[in-house]
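Observations on chain architecture
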Amino acid sequence: MRAVTTREEQLVEWMRRHQTDVWRFLRMLGCDRALADDLTQDVFLYVLDHPVADFGPAATAAYLRKTARNLYLNWLRDHRRELPLGLEAQSEAAWAELTPGDGSDQRLAALRRCLDKLADRQRRALDLRYRDGLSDAETAQAMQATPDAIKGLLKRTREQLRQCVQQQVKP
Amino acid sequence: MNTFHDNLLDSDLDEILSGRGAPDLTARALQKLAAGTQPPAAEPARADARPAVATPRWRAWARAAAVLLVLGMAGWLLTRPDTLPRGVTAAEGARWRVRADHVELKSGWVLLSDGAPVLVVGDGRVENVNGRTVAGTGIPGGDALDPLADHLDLSALEREAMKNPNRWITAGMLALCVLSGQAVLNGRVIAAEEDTPPPRAQDPKPEDTKSLRALLGQVEGIELRVAEKGLYSGWLTVRDAARVRAIAAAFATHLGEPSATPAGIDHTNQFELRLKDGRVIRASVFTRPGRAGLCDIRLPSWERYHQFDCAPDLAAELKAELAAARNQPRLPVQDAKAMRALLARAVEATFVDSTDQGAPLRGTIRDAAVLARMAGLLWPEDMGFSKTHLAERDVYQLALKLNDGSGLGFVVGDSGIFTLTMTGETSVEGRILPGTSMQALREMFTRAADTRGFAVLRQWTGENSRVTRAQTRLVYDDEGWTALWNEHAGTAAPAVNFEREIVLAVFGGDKLNSRGYTVREILQGEYRYTLRLEEEHFQTAGPDGGGVRCAPFAMFALPRTEAAIHMELNVQGIKRAAPLWQPLEAKWKPRSDINPMVSYTIDGTRFGSGGFPKTKRRFLVARDAAQWQELNNDINTGQDKLPAVDWDQYIAVAATEAAPANTDQFELVLAGMNQARVVLRLTTPGAQTESDSESPGYERIWRIWLIPKPDRDIVIETPRYDGTTAPTGWLETHTIRR
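Numbering of residues starts from 1 in each chain and follows the order in which that chain's sequence is written. Throughout, the order in which chains and ligands are written sets their labels, letters from A for the former and numbers from 1 for the latter. This being a predicted model, a pLDDT of at least 70 is required before a residue's local features are given, and a value of 80 or more before pairs of side-chain atoms are given or counted; all residues contribute to the totals for chains, interfaces and linings.

1. A short note on the overall build of chain B
Secondary structure follows DSSP: runs of H or I at least 4 residues long count as helices, runs of E at least 2 residues long count as strands, and numbering of each begins at the N terminus. Secondary structure assignment for chain B yields 15 helices and 42 strands. Contacts in chain B between residues far apart in sequence, at least 24 positions, make up 63% of those at least 6 positions apart. The contact rule is simple: place each C-beta atom from the backbone, and if two of them lie within 7 Å, those residues are in contact.

2. Considerations on the overall build of chain A
Regarding its fold elements, chain A presents eight helices and zero strands. If you list the helices and strands of chain A from N to C, you get α-α-α-α-α-α-α-α. Counting other C-beta atoms within 10 Å of its own, a residue is labelled buried from 20 upward, exposed at 12 or fewer, and partly exposed in the gap between, with every C-beta atom placed from the backbone. Counting all 171 residues of chain A, 37% fall into the buried class.

3. Overview of unusual backbone geometry
Residue and element names in this part refer to chain B. You will see that N128, though not glycine, has its phi angle at about 50°, which is positive. Looking at the element boundaries, N128 is found in strand β6 (residues 124-136). In this model, N513 sits at a positive phi of 55°, which is unusual for a non-glycine residue. Mapped onto the fold, N513 is located in the loop between β28 (511-512) and β29 (514-524).

4. Some points on the nonpolar core
Nonpolar core, as used here: buried Ala, Val, Leu, Ile, Met, Phe, Trp, Tyr and Cys residues forming one set through C-beta atoms within 7 Å. Counting residues in each nonpolar core, the largest one holds 48 residues, and the members touching the most others are A:L26, A:L39, A:V43, A:F44, A:A68 and A:Y72. Secondary-structure elements contributing two or more residues to this core are α1 (7-29), α2 (33-49), α3 (57-78), α4 (87-98), α5 (104-116), α6 (120-131) and α8 (147-169) of chain A together with α1 (3-18) of chain B. Of the residues that make up this core, three or more belong to each of domain 1 (7-98) and domain 2 (106-169) of chain A. Look past the residues within four positions of A:V43 in its chain and what remains in contact with it is A:V22, A:L64, A:T67, A:A68 and A:L71. If you look at the next biggest cluster of nonpolar residues, it comprises 34 residues, including B:V103, B:L105, B:V110 and B:C177. Segment limits for the domains were obtained from an automatic or database-derived domain assignment.

5. Points about the packing of α1(A) against α1(B)
Each pair of packed helices gets described by two things: the angle between the helix axes and the distance between those axes. Under this scheme, a helix contributes an axis fitted over its contacting stretch, all axes are lines through C-alpha atoms, and angles between N-to-C directions fall in the 0 to 180 degree range. For the pair α1(A) and α1(B), the least separation of the axes is 7 Å and the interaxial angle reads 125°. Accordingly, the angle class assigned to the pair α1(A) and α1(B) is oblique. The hand of the α1(A)/α1(B) crossing is right-handed. Contacts from A:R24, A:R27 and A:M28 in α1(A) reach B:F4, B:N7, B:L8 and B:S11 in α1(B). In the scheme used here, Gly and all other residues not listed as nonpolar or charged are polar, with Ala, Val, Leu, Ile, Met, Phe, Trp, Tyr, Cys and Pro taken as nonpolar and Asp, Glu, Lys and Arg as charged. Of the residues that constitute the contact of α1(A) with α1(B), the class distribution is three nonpolar, two polar and two charged. In these notes the angle categories are as follows: under 35 degrees is roughly parallel, over 145 is roughly antiparallel, 65 to 115 is roughly perpendicular, and the rest is oblique. Crossing handedness follows the turn of the near helix against the far one: under a right angle anticlockwise gives a left-handed crossing, and clockwise gives a right-handed one.

6. Some details on the packing of α6(A) against α1(B)
At a minimum axis distance of 9 Å, the contact between α6(A) and α1(B) shows a crossing angle of 90°. Between α6(A) and α1(B), the angle is such that the two are roughly perpendicular. Together, A:L126, A:D127, A:Y130 and A:R131 of α6(A) and B:L13, B:D14, B:L17 and B:S18 of α1(B) make up the contact between the two elements. Broken down by class, the residue content of the contact of α6(A) with α1(B) amounts to four nonpolar, one polar and three charged.

7. Some thoughts on the sheet that holds strand β32 (residues 553-559) of chain B
Residues and elements named next belong to chain B. The strand order across the open sheet built from four strands is β25-β32-β27-β26, with neighbouring strands paired in antiparallel fashion. The strands lining the two open edges of the sheet, one partner per strand, are β25 (458-462) and β26 (471-475). Pairs of neighbouring strands in the sheet enclose a mean axial angle of 10°, with direction left out of account. The sheet strands contacting helix α13 (residues 478-488) are β26, β27 (501-507) and β32, and the helix crosses β26 at an angle near 145°. By the convention used here, strands pair only if DSSP detects at least 2 bridges between them.

8. Observations concerning the environment of A:G101
Residue placement: A:G101 occurs in the loop between α4 and α5. With 44 residues separating them in the primary sequence, A:G101 and A:P57 have C-alpha atoms 9.4 Å apart.

9. Some remarks on α6(A)
Along α6(A), the residues that are buried comprise A:A125, A:L126, A:L128, A:R129 and A:Y130. Against the buried residues of α6(A) lie α7 (136-142) and α8 of chain A together with α1 of chain B.

10. Some remarks on the environment of A:S91
Counting through the fold element by element, A:S91 comes out in helix α4. Remark: the alpha-carbon pair of A:S91 and A:F25, spanning 66 residues in sequence, is separated by 8.6 Å. Apart from residues lying up to four places away in sequence, A:S91 is in contact with A:M28, A:L29, A:R69 and B:F4.

11. What about the pairing of strand β22 (residues 407-413) of chain B?
Note on strand geometry: in a regular strand, side chains alternate between the two faces of the sheet. All names here are of chain B. Bridge analysis of strand β21 (residues 394-402) against β22 gives seven bridges, and the strand direction is antiparallel. Residue pairing in the sheet places K401 in a bridge with G407 of β22. Connecting β21 to the next strand, β22, in antiparallel fashion are four residues, including G405 with a positive phi near 90°.

12. What about the pairing of strand β3 (residues 102-107) of chain B?
Residues and elements named next belong to chain B. In this structure, strand β2 (residues 95-98) lies alongside β3, joined through four bridges in antiparallel fashion. Bridged to W96 within β3 is L105. The turn joining β2 and β3, which pair antiparallel and follow one another in sequence, is formed by three residues. Sheet analysis places β3 next to strand β5 (residues 118-121), joined by three bridges and oriented parallel. In the strand pairing of β5, H102 is matched with V118.

13. With respect to the confidence of the model for chain B
Parts of the prediction with low pLDDT should not have their coordinates interpreted in detail. Residue and element names in this part refer to chain B. Here chain B shows a mean pLDDT of 77. Residues at 70 or above account for 78%. In this model residues 42-81 is a low-confidence stretch, pLDDT under 50, and it forms 51 contacts with partners more than four residues away in sequence or in other chains. Per-residue pLDDT stays below 50 along residues 194-200; that stretch engages in two contacts with residues further than four places along the chain or on separate chains. Scoring of the predicted complex yields 0.39 for pTM and 0.93 for ipTM. In predicted models, pLDDT denotes the confidence assigned by the predictor to each residue on a 0 to 100 scale.

14. Focus on the environment of B:T733
Residues and elements named next belong to chain B. Structurally, T733 is set in strand β42 (residues 729-736). T733 sits in the partly exposed class, given 17 other C-beta atoms within 10 Å. Residues T733 and V715, spaced 18 residues apart in sequence, show a C-alpha to C-alpha distance of 7.5 Å.

Listed below in structure tokens is the structure:
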């Protein structure tokens, strides 16, 4: 294996391997897209200056997540936002539960398969909310239902998807 | 499920369904590295420095700039996706979303100025702003006006304009106030009043009876209506100019002083007295025991009616017109049942549905059952009411011919507010059809529409194009059309009006014995049209079989539409066999905010698997309770108690076949419809070959759907696999006759 010789090459290599997972992890913590973009970049720049011994992909990924989490905590403090309790333990547990060892791409692939199993109405509600960005009330109007009915439908659908994904990604 | 589980699922769904995956931030990180900016500390303790300010996402910017340059809005450069573009200023609390070609306002108000992009609020669309315009989700209430004007930094004159309710125009959720210049609202130009309007005559105060009488003497137009048993007649217009002058003079002469002791209101008659400057004075004339005569008057700027004493001569002068008004035909608008009964007397309904702005649906409905259902939709129990006059886009125009030869006209706006006219006079204003009625009416119109609403307007087809590579192309402007025709024929292109039309072109490439293509049918789906093409082959004979080399083509001029256009080609090679439709490339991706063109509800009620025997694909239909029992027995659903079905509205369709075990991918979906038929597709991972169906991994699955009772044939198509995982075509497999 060729040794990585320059900082730029090292950055590119790490980002190639890990940036998607780091970005998705930050989204899981609660970052919107823009903040996840910013912090993901900062994670790798930080790690570039604070390298650790390579104990393998899993350990590196865990270290990157830890860095991401800390940067996010700093951002919350700087913006006077409430710090979520148990951020470290719970976020790691949630990530590990739903992300197989191969990374979050597998999780998304599993989610795609689970989406295919949904009934039309469930899928339509999801499309309106996530693809078209409608609110609950607008979704309800589009589907000629009450907002409460849509909330219930989406809640059940999410739970169904979560269980489906969990089953699929179980080792 | 904890917060992180929620977030994880939400962000994954956002990625998959929005189509915006995780970004590649490598270039941006490299740029920052090159700039030498230090990353923040990442220890749990408070950072020594704030995280570095995000450097521009140059790649995202470059993409956005490319898109925006194409759209001709270069002023949008260098903005983050959620930052408002130039020309749009948001008031505090406004919520919006910036899309590729417009800004969608979710709540609050914005100020639009020169060069602002399109603003969408619900079904309202504001564009081509020239000047300054305030737009928002509703007309701001009294207390909100000053803070809003402060947030938007309006001038004193603009502030006054915004406070004038007459300056506001609404279209559904959108409310608009053009402060200066003009704007286009749902296709209509709305111009501001002059910045310094000429002084308008002030309404006299109620105490100033001298001025009031003088004003009444200037009335130039009079309409009146009379109520009996709570129902008003239609408005009667006094057309004789001499009578108008006489009545105006009577009001002016006989109006007394404001009543010292006002009596209760009686507006059994209502007069609208129109002045030359457009102001309308409302008046009602009545008596009370012990009072000679009373007249309630309201001028435009008065907050309420004021009561005046008047001479009994006034009522005497009005007697003839009041009697004539009593004889005006009445609509029982306060009695919903009676109104529905009246509407159900329609023998014919002619409609124009302009919901899809590119291609209005037109047609005539004469089916008694459909007309009866329409009566219920046009006058539902949950009808709303609005006092606001709307300048909005009309989506439905409907003319009903009743069984006595009389006629009723509905003009329905995009928010559901409609006007109902009878014998040419407006009888009802301000009523609102609920969304369920609007949707059901649309479905009704779609089924009944003459598909000439979206049809091939002109076509050019033949066997010898200079284009020898098989392809499909969509042309939507003169430049593209000139280039395409030049490529195809090398001559001047035929005239096409691209303001109202587009051209879809199919080239077959280098092949044998083909004269070109024709459109066999057009299907209308929820968000797309599907053109189904037939290729015109011909036979040749000769010592060696003698095929003729061709480069077949067809170009179709179609109405311009916001919907997607798909094409399918019948590749069934066997004569007289059912068509096999092979999808060609889809064109003309729909806007994200297009209204669905059709609505067809398929309710998948039951699903099951297992049991013997494994079976080839079969379809079963039930139209009544007996057939329903039979269907369930046949499929062996195991249901002892069958659910009740409204057989007036639905039929049941069941499909059963052998499929991979544990699959639940067995769906009936709408492919599209036209006047002649509804085409449904059965998506199934079912047996692709005979031997598949016998394999151990396959079991029998079944599903039952309830679909609307057909008023036309229903065709079910099933997928054809040629050793592939995805269907290569759709075969007409089963027909359910109406």
